[in-house]
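# Chain and residue survey
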Amino acid sequence: MEKLSNPQKTIEIIKKYEFAFQKKFGQNFLIDSHVLDKIIAAAGITQEDCVVEIGPGIGTLTQYLAESAREVIAVEIDRMLIPILEETLADYPNVTVINQDILKVNMGKLVQEHNGGRPVKVVANLPYYITTPIIMNLFEQHVPVSSITVMVQKEVAERMQAGPGTKDYGALSLAVQYFSEPYLAANVPPNCFMPRPKIGSAVIRLTLHQKPPVEVAQEQMMFRIIRASFNQRRKTMVNGLNNSQEIPFTKNEIQSALRQMGLSESIRGEALTLQQFAELTNRLCAGGA
Ligand code: SAM
């Protein structure tokens, strides 16, 4: 079968199955072969790899993945796409399609079953309405993943790479940089999709760290502190943390920890580096502050 990566073939399939695009599932299908090649190259897929694709749609990226990888597991929520995928992926015996919500899949079990627990590569043109939960789940549940190469909104890619003191810096930047090394592989304009999204997109690769770049005794507590610090961006960190139900430390403890780190009590979260968030967490958890 001819590959799907062009508008004519995509339209043909859509018409044949009378498929109606579902906005609620973030359905914007890729129709540009150059972008597909770039995703495969950025992900560095080899014949050794077991790849998990999130949201195969009509199978456009899946076909490319199936040709480069040993095995592909594609998780798609929309059951209307399943008969389409049966046709478009018929020539690829190394693909397994699972009709489920990715946020409900037990990824650890899936990786165990399909790759003996060894790290998989995640590749996806993500549904934009759940980009952050999908990525955070993979990170926080410590799913064995070596890299995540995904199409996201351009502004999300910018947030992932942002550093302290910039307007894009926030909880997502810190989580991404704690767990991985981000690399912007390509900017992708709206005309590479059908239907066209309103905003620009980007392909970003997150290579997971073997070991986090900072040492923190209580990882979950550090992320609670980070979230609370950015919840009220315009407030000082001390007030942000003090107002949060998730934070068990007193205002005094927080002020004293900041002082010991040589930081101002009126500092805002956006000024702290990952290293400083780790140090603050370690001091607060050690109770010596
Ligand atoms: N991979 C295809 C492509 O590049 O042309 C489709 C990408 S489209 C942006 C996102 C896909 O994710 C859609 O097929 C959509 O139905 C699917 N999707 C949305 N929410 C999902 C979820 N919670 N779990 C699994 N798939 C989901």
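Residues numbered from 1 in each chain as written. Predicted model: local features only at pLDDT ≥ 70, side-chain atom pairs only at ≥ 80, totals over all residues. Heavy atoms only, no water.

### Regarding empty space enclosed by the protein
Stated formally: Cavity: a set of points on a 1 Å grid over the protein atoms alone where a 1.4 Å probe fits but cannot get out. Pocket: an open set with protein on both sides within 12 Å along at least five of seven lines, its lining residues, like those of a cavity, having an atom within 4 Å of a point. Grid points are joined across faces, edges and corners, and a volume is the space filled by probe spheres set on the points. Strands here mean DSSP runs of E at least two residues long; helices mean DSSP runs of H or I at least four residues long; both are numbered from the N terminus. Any residue that is not Ala, Val, Leu, Ile, Met, Phe, Trp, Tyr, Cys, Pro, Asp, Glu, Lys or Arg is counted as polar, Gly included; the first ten are nonpolar and the last four charged.
Counted according to the given criterion, the structure contains 1 cavity of 30 Å³ or more. For the largest cavity, the calculated volume is near 330 Å³. Of all the elements in the fold, those that place two or more residues in the lining of the largest cavity are strand E1 (29-30), strand E2 (50-54), helix H3 (60-68) and strand E3 (71-76). Among the residues making up the lining of the largest cavity, the classes are represented as 16 nonpolar, 8 polar and 3 charged.

### Re the site of the ligand
Note the cut-off: Being near a molecule or strand, for a residue, comes down to having at least one heavy atom within 4 Å of it. Whenever two N or O atoms come within 3.5 Å, that pair is a polar contact, provided that in protein one can donate a hydrogen and the other can accept it, and provided that, for residues adjacent in sequence, both atoms are side-chain atoms. Reported accessibility uses the Shrake-Rupley method at a 1.4 Å probe radius. Residues are deemed covered only where the shown protein chains occlude them. Molecule-in-pocket calls rest on the fraction of atoms, with more than half required to lie within 2 Å of the cavity or pocket grid points.
For the ligand, the set of nearby residues contains 24 residues, the closest of which are Leu 30, Gly 55, Glu 76, Asp 101 and Tyr 129. The side chain of Gln 27 places a nitrogen or oxygen atom 2.9 Å from an oxygen atom of the ligand. A distance of 3.3 Å separates a nitrogen atom of the ligand from a polar atom in the side chain of Glu 53. Alone, the ligand offers 600 Å² of accessible surface; in the complex the protein occludes 99% of this. Cavity membership is defined here by more than half of the atoms lying within 2 Å of grid points; on that basis the ligand lies in the largest cavity. When contributions to the shell around the ligand are tallied by element, the ones reaching two or more residues are E1 and E3. Split by residue class, the shell around the ligand holds 12 nonpolar, 8 polar and 4 charged.

### Notes on the side chain of Ser 173
Rule in force here: Residues count as neighbours in contact if any of their non-hydrogen atoms are within 4.5 Å of one another.
For Ser 173, the position within the fold is in helix H8 (residues 171-179). Within the structure, Ser 173 has its side chain in polar contact with the backbone nitrogen of Gly 170 (distance 2.9 Å). Sequence-distant contacts of Ser 173, defined by excluding residues within four places in its chain, comprise Arg 159, Met 160, Ala 162 and Asp 168.

### As for the domain arrangement of the chain
Note the cut-off: Where a domain begins and ends is set by an automatic assignment or by a domain database. The quantity reported as buried area is the accessible area (1.4 Å probe) lost by two parts once they are put together, taken as the sum for both. Any carboxyl oxygen of Asp or Glu within 4 Å of a side-chain nitrogen of Lys or Arg constitutes a salt bridge here.
Split by domain assignment, the chain resolves into domain 1 (7-208) and domain 2 (219-285). Listed as interface residues are 14 residues of domain 1 and, on the opposing side, 14 residues of domain 2. Surface buried jointly by domain 1 and domain 2 totals about 1,000 Å² across both partners, of which 66% is contributed by carbon and sulfur atoms. When the area that domain 1 buries against domain 2 is broken down by residue, the three leading residues are Tyr 169, Leu 174 and Tyr 178, summing to 50%. Inspection of the region where domain 1 meets domain 2 yields 0 salt bridges. At the boundary of domain 1 and domain 2, one finds 6 residue pairs in polar contact (both at pLDDT 80 or more). Element by element, the count of residues in the side of domain 1 that touches domain 2 is highest for H8, at 6 residues.

### Things to note about the pairing of strand E9 (residues 201-208)
Formally: Relative accessibility under 20% of the residue-type maximum defines a buried residue, over 50% an exposed one, and the middle range a partly exposed one, all with a 1.4 Å probe and only protein chains included. We call two strands paired when DSSP finds no fewer than two bridges between them.
Counting buried residues along E9, 6 of its 8 residues qualify, which places the element largely inside the surrounding structure. Taken together, the 8 bridges between strand E7 (residues 180-188) and E9 define a ladder with antiparallel strand orientation. Note on E9: the bridge partner recorded for Pro 182 is Leu 206.

### Some words on the nonpolar core
Note the cut-off: Definition of nonpolar core: a set of buried residues of the types Ala, Val, Leu, Ile, Met, Phe, Trp, Tyr and Cys, connected through side-chain atoms within 4.5 Å.
Formed by 66 residues in total, the largest nonpolar core has its most connected members in Phe 139, Ile 148, Met 222, Ile 225, Phe 277 and Leu 280. Broken down by element, this core gets its largest block of residues, 7 residues, from helix H9 (residues 219-231). In contact with Leu 280, not counting residues within four places along its chain, are Ile 225, Met 237, Ala 257, Leu 258, Met 261 and Leu 272. Leu 30, Ile 40, Leu 61 and Ala 186 belong to the second largest nonpolar core, which has 27 residues in total.

### Considerations on H3
The element H3 is extensively covered by neighbouring structure, given that 8 of its 9 residues are classed as buried. Every buried residue belonging to H3 is among Thr 60, Leu 61, Thr 62, Gln 63, Tyr 64, Leu 65, Ala 66 and Ser 68, and all of these are buried.

### Concerning the packing of H8 against H9
Test applied: Lines are fitted to the C-alpha atoms to define the axes, a helix being fitted only along its stretch in contact, and any angle between axes, read from their N-to-C directions, falls within 0 to 180 degrees. For this classification, under 35 degrees means roughly parallel, over 145 means roughly antiparallel, 65 to 115 means roughly perpendicular, and everything else is oblique. Note on convention: near helix rotated counterclockwise from far helix by under a right angle means a left-handed crossing. Clockwise means right-handed.
Closest axis-to-axis distance for the H8/H9 pair is 9 Å, and the angle between their directions is 155°. Taken together, the axes of H8 and H9 lie roughly antiparallel to each other. In the crossing of H8 with H9, the sense of the turn from one axis to the other is right-handed. Of H9, the residues touching H8 (which contributes Ala 171, Leu 174, Ala 175, Tyr 178 and Phe 179) are Glu 219, Met 222, Phe 223, Ile 226 and Phe 230. Of the residues assigned to the contact of H8 with H9, the class counts are 9 nonpolar, no polar and 1 charged.

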